[in-house]
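# Coordinates in review
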Amino acid sequence: MNEGLGSPMPRRDGRIKVTGAARFAADVKLPGLLHAALVTAPIARGRLVALDPAPALAVPGVARVLTAADMPRFAAVTTPPMATAVQPMQDDVIRFEGQPVAIVLAATPEAAEAGAARVAARYAADAPLLFSGERAEVPSRESFYVFEEPDLARGDVPAGLAAAAHRVAARYHQPPRHHNPMENSATLAVWEDGRLTLHTAAQWTYGVRYGLAGALGLAPERIRVLAAHTGGGFGAKGYTWPHQLLAAVAAQVTGRPVRLAYTRAQMYTMTGYQPEVAQEVTLGADAAGRLTAVRHASVSNTSLTDDYIEFAHAGSAGMYATPALQLSARMARTSLNIPMAMRAPHEGPGMFALESAMDEMAHALGMDPLDLRLANHADADPSDGRPWSSKKLREAYGEGAALFGWRERPRQAARDGHWILGTGMASCIMTVFRFPASARITLRADGQVVLEAGTQDIGTGTLTIFPQIAAGELGIPIERVTLRHGDTDLPETGGTFGSSSTACVGAAVQDAARKLRARLDGIAALQPASLGAPAEAPEALLRRAGLADLSAEGRYEFGRPFDAAGHAGSHAMRTFGAVFVEVAVDPELGLMRLRRAVGSYSVGRIVNPRTARSQMIGGITWGWGMAAMEASVVDPALGRFLSKNLSGVAIPVNADIPADIRIHFVDEVDPHAGPLGAKGIGEIGAVGVAAAVANAVFHATGRRIRDLPILPEGLLGAGAG
Amino acid sequence: MQPFTLARPASLEEATRLAAAGAMPLAGGTELLNWMRLGIAAPARLADISRLPGLDAIAPLPDGGLSLGALARLNDVAAHPAVRAGYPVLRQAIHKAASAQLRNLATIGGNLLQKTRCAYFRAEESLPCNRRAPGSGCAALHGLNERHAIFGWTEACVATQPSDPAVALAALDAVVVVAGPAGARRIPLGDLHLLPDAAGAAADTALRAGEIIVAIELPGPAPRSAYLKIRERESYEYALVSAAGALVLDGRTIRRARLALGSVAMKPWRLPAAEAALAGLSLDDTAALRAALEPAFAEARPLSHNGYKVPLARNAALRVIGMIAEGHAP
Ligand SMILES: Cc1cc2nc3c(=O)[nH]c(=O)nc-3n(C[C@H](O)[C@H](O)[C@H](O)COP(=O)(O)OP(=O)(O)OC[C@H]3O[C@@H](n4cnc5c(N)ncnc54)[C@H](O)[C@@H]3O)c2cc1C
Ligand code: SF4
């Protein structure tokens, strides 16, 4: 019936991406273009005392220098779609290092950059505010970042702990980590007849439209946002950031098209990062390993002005059956720029703590870590008792364990020369996020099909799977389907984040295709072919009916603008999985390398096994980076990220990724999450990996590492005793 | 980046003249352009020496050694049959440096002249750093100095020299041949890089104004040699600590040992006392080998956050001897 859905179609955008033919925001050129370079504050906190643009204006090619005085006053906009509540260049207060204070506009990027370096600014600096768990605050629910209650309690945790035969209580910590997408964010803004057009790097074109419409006091329809291709996002391009707002204003003030492209350093302070997270997990279990209580408290850093919060306990809310659950999320202000959701937010940091603690509990019980998980399998959502929309986690555990050889693994760590080999596992879980979506399909009399949806291409495979779904529904080869996307002139969809695009936009595409088919059937009924004629191609039917083309609009809706974990309906929606790793540790040299991994997932229907596998390998690699190297360290004296470049911040390279990473999906269709039976997969691959690695290090060396990343310093001498 | 003019000298003489007049030599450009983009250097004039004829030659020397032209590309050096057979430590050090793409462009001469990777020094704007802005202080001294020096630092600067090939060349007792306005001279590799002094982090190297590296000369082959590089990721990353070793063996007995450590000081750090103590020891007597190395590390002066580098460097030195003993590449 549905040959498109489930087939391992190769990426249609592969060729244009590897040959460089794909055009990104900063590739767009227009006549009369001005290049913008930002002057940013070098202090973490304080005031801008004086700013002299004259030396910049003396640079040949520099056309203008804009300061706060040249800016319109922006209206207040909710966060999100705006990334931050306080917009740049509205006053003289410095709230984080890297905050923009002036824009230099010039005929060439080089002149703009040279001009920006010459703007003479004086500051009065106050001491930076550093992260401290002691200053934890309850977030305000005015920010949409606070999409859940910060506290959740069920049952009697003190009683559960008191009754426990075994207890584990431990603190875990991770440093800030940046998204580091390959493409630096960039925007080209141009005004024509009171209408604003932006070419921009975005995961959510409609969000940029709403954010700017609010801030600039414009009707949304007067803003068109285009994002042909976005060079990786991971959350860094989800909302509306200064490059979009400032490019729009600079173009308005100068009456010329303006391109504002961040430098790599500016990516570190004007697109967010996963915050520093300090966590404490307390578990109680009876003698058989059944949990009697779970307590999970976290504090994450936020900025001076925004309430971003990492719900690190999100995984604990849905993972294990327990009679008592006590969860809390707090934030602590720092004079850093605002953190932001980053691939596997919430569960990503949180499951490092929970799944490390579960391993500690398994050790305390003398129980196989997998058996401990199985013993605590949650048959309904532990946070509210609702039934699951679908869940095949038992199968994911079992099939993953078989693929890995978990049951046959050596109980004592094995040796390979100087390397000690350890194995570890962790559960994975991710909240299902859903957004409404719409799409349009047009069949033309020449047989070509045009599929239109505002959704974005951030490199995950959307350019392949949406045409694939349409082709499958219409029963035509995918070659005949052209996708138009990344444009607010097209039917509205949500952002390409929260692992939501495939399931939600895909559902709208499917709906559009089915409606188109129904209309074709209607036409066929009115224009019956002669009896016994061979089956007729749809375009032949159109021609016979004298139609040039035929369109249908499809929708995916559930009565709300947003849903997390299925709260809009009767079923709890999460995705699940298990990750198994073998890690090699050389304690004399402090080295740790990934030898092999198996990821086994219960995530609903897989629309395209090839792109899905790529996502999961990417997720495991992402998790390896979190485990083994990533840290955006903050200099305590300067109150800034020490390295704002990829030379001072390590992320995994190809040589870190073993060939032996096996990905398995349990055969599953979720009947409640949407008509495709699919849920999201983009982020869950990154969940649990850091815990599995830390657990494998414990297995290899007996050393429990609770601070990420696991660096040579922490491994040196491990296992010696 | 500031505007600059580019000169293309046709001869070495012209190049040294230009350099003496303030032009900065441009070889592969993989370091220099970064400095210019970051504002670490703002030369008004560059002298592109990359096309000077003959300076990329790799040729045997009459004494059995090997001459590496300063402009030889890193990958060409590593691939050369004489290097492959006679100097595995250099080949391995090169293959562990940077990325394949960079090594196709980067020259061996330019590599030795790269500057520290200290993150304060390499920031996108000027932070308190004596090496970048003399007199501005050293943010790393009491700051984030996990990757900094354990030997030879002063309060003025605690940075390290990051070159991998330099560590191998130090262990090989290479000599740097330079040409300058005052003629040619030979600088032992161990004297090329300068430690900071108490007053500040003056110059990086002993090169004088206008001097250009012409070649690097290696003494006779060191087939029993190896390079170990320790870093949190497997490739394309500078060393936390590295170790280069070259041994002369008599069966399983060490006749002569040469050891140099990388990323522990502002120059490759030879271990003369340990080298002397290793002579006569058996490769199989790990305890004795360890004891021979130990005193060298008693002299280490770790900073607030890099104490781990002391045992790490010691273990690296011991391991590199083991690698040579086992006769395998890392
Ligand atoms: C991302 C990255 C990663 C790297 N990783 C490593 C690593 O892991 N290990 C490692 O060892 N190196 C590493 N490097 C450094 C790299 O090896 C050097 O950039 C390269 O070797 C420099 O050679 P070049 O020819 O490009 O020098 P250039 O950039 O052309 O010049 C560098 C300096 O040397 C001077 N110079 C060049 N040639 C001469 C000469 N013959 N005489 C006098 N002066 C000269 C120039 O004036 C300049 O001051 C890395 C570099 C990058 C960019
Ligand atoms: S260690 Fe040296 S290079 Fe680094 S900040 Fe201090 S003076 Fe500068």
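Note that the structure is predicted; figures quoted are calculated from it, not measured.

### Observations regarding helix 15 (residues 609-628) of chain A
Residue and element names in this part refer to chain A. Between its first and last C-alpha atoms helix 15 spans 28 Å; for 20 residues at 1.5 Å apiece the expected length is 28 Å, and the two agree. Of all 20 residues making up helix 15, 15 are buried, and the element is well covered by its neighbours. N-cap assignment for helix 15: the residue whose side-chain oxygen lies 2.9 Å from the backbone N of arginine 610 is asparagine 608.

### Here we look at unusual backbone geometry
Residues and elements named next belong to chain A. The step from proline 80 to proline 81 runs through a cis peptide bond, and the omega angle for that step is 20°. With respect to the helices, strands and loops of the structure, proline 81 is situated in the loop between strand 3 (62-66) and strand 4 (93-94). For the bond running from leucine 708 to proline 709, omega is -10°, close enough to zero to count as cis. The phi angle at serine 499 is positive, at roughly 50°, despite the residue not being glycine. Here serine 499 shows up in the loop between strand 21 (481-484) and helix 13 (501-526).

### So, the environment of glycine 318 of chain A
Residues and elements named next belong to chain A. Residue placement: glycine 318 occurs in helix 8 (residues 314-318). Measuring from C-alpha to C-alpha, the distance between glycine 318 and arginine 264 comes to 37 Å, with 54 residues separating the pair along the chain. Excluding residues that lie within four positions of it along the chain, glycine 318 makes contacts with Asp381, Pro382, Trp388, Ile429, Arg574 and Phe576.

### Things to note about the site of ligand 2
Around ligand 2, a shell composed of 16 residues is seen, among which Cys118, Cys129, Cys138, Cys157 and Val158 of chain B lie nearest. For the shell around ligand 2, a count of residues per class yields 12 nonpolar, three polar and one charged.

### Quick look at the sheet that holds strand 8 (residues 212-218) of chain B
Residue and element names in this part refer to chain B. As summarised here, the arrangement of the five strands in space is 4-5-8-6-7, forming an open sheet in which the pairing is antiparallel. Looking at strand neighbours, the two that pair on one side only are strand 4 (58-60) and strand 7 (183-188), the edges of this open sheet. Going from strand to strand, the sheet's axes swing by 25° on average, the running direction of each strand aside. In terms of strand pairing, strand 6 (residues 175-180) meets strand 8 through five bridges, oriented antiparallel. Bridging across to strand 8, valine 175 finds its partner in glutamate 217.

### What about a nonpolar patch on the surface?
A cluster of nonpolar side chains, Met1, Phe4, Leu6 and Leu33 of chain B, forms an exposed patch at the surface whose accessible area comes to about 310 Å². Structurally, phenylalanine 4 of chain B is set in the segment before strand 1 (5-7).

How each quantity is defined
- Residues numbered from 1 in each chain as written.
- Chains lettered and ligands numbered in written order.
- Predicted model: local features only at pLDDT ≥ 70, side-chain atom pairs only at ≥ 80, totals over all residues.
- Heavy atoms only, no water.
- Helix = DSSP H or I, 4+ residues; strand = E, 2+ residues; numbered from the N terminus.
- Expected span 1.5 Å × (residues − 1).
- Buried < 20%, exposed > 50% of the residue type's maximum accessible area, 1.4 Å probe, protein only.
- Polar contact = N/O pair within 3.5 Å; in protein donor to acceptor, adjacent residues only side chain to side chain.
- Contact = heavy atoms within 4.5 Å.
- Near = heavy atom within 4 Å.
- Nonpolar A, V, L, I, M, F, W, Y, C, P; charged D, E, K, R; others polar.
- Pairing = 2+ DSSP bridges.
- Axes fitted to C-alpha atoms, helices over the stretch in contact; angles between N-to-C directions.
- Patch = residues over 30% accessible without salt bridge, like charges linked within 9 Å, V, L, I, M, F, W, Y side chains within 5 Å.
- Areas by Shrake-Rupley, 256 points an atom, 1.4 Å probe, with all protein chains shown as cover.
- Salt bridge = Lys/Arg side-chain N within 4 Å of Asp/Glu carboxyl O.

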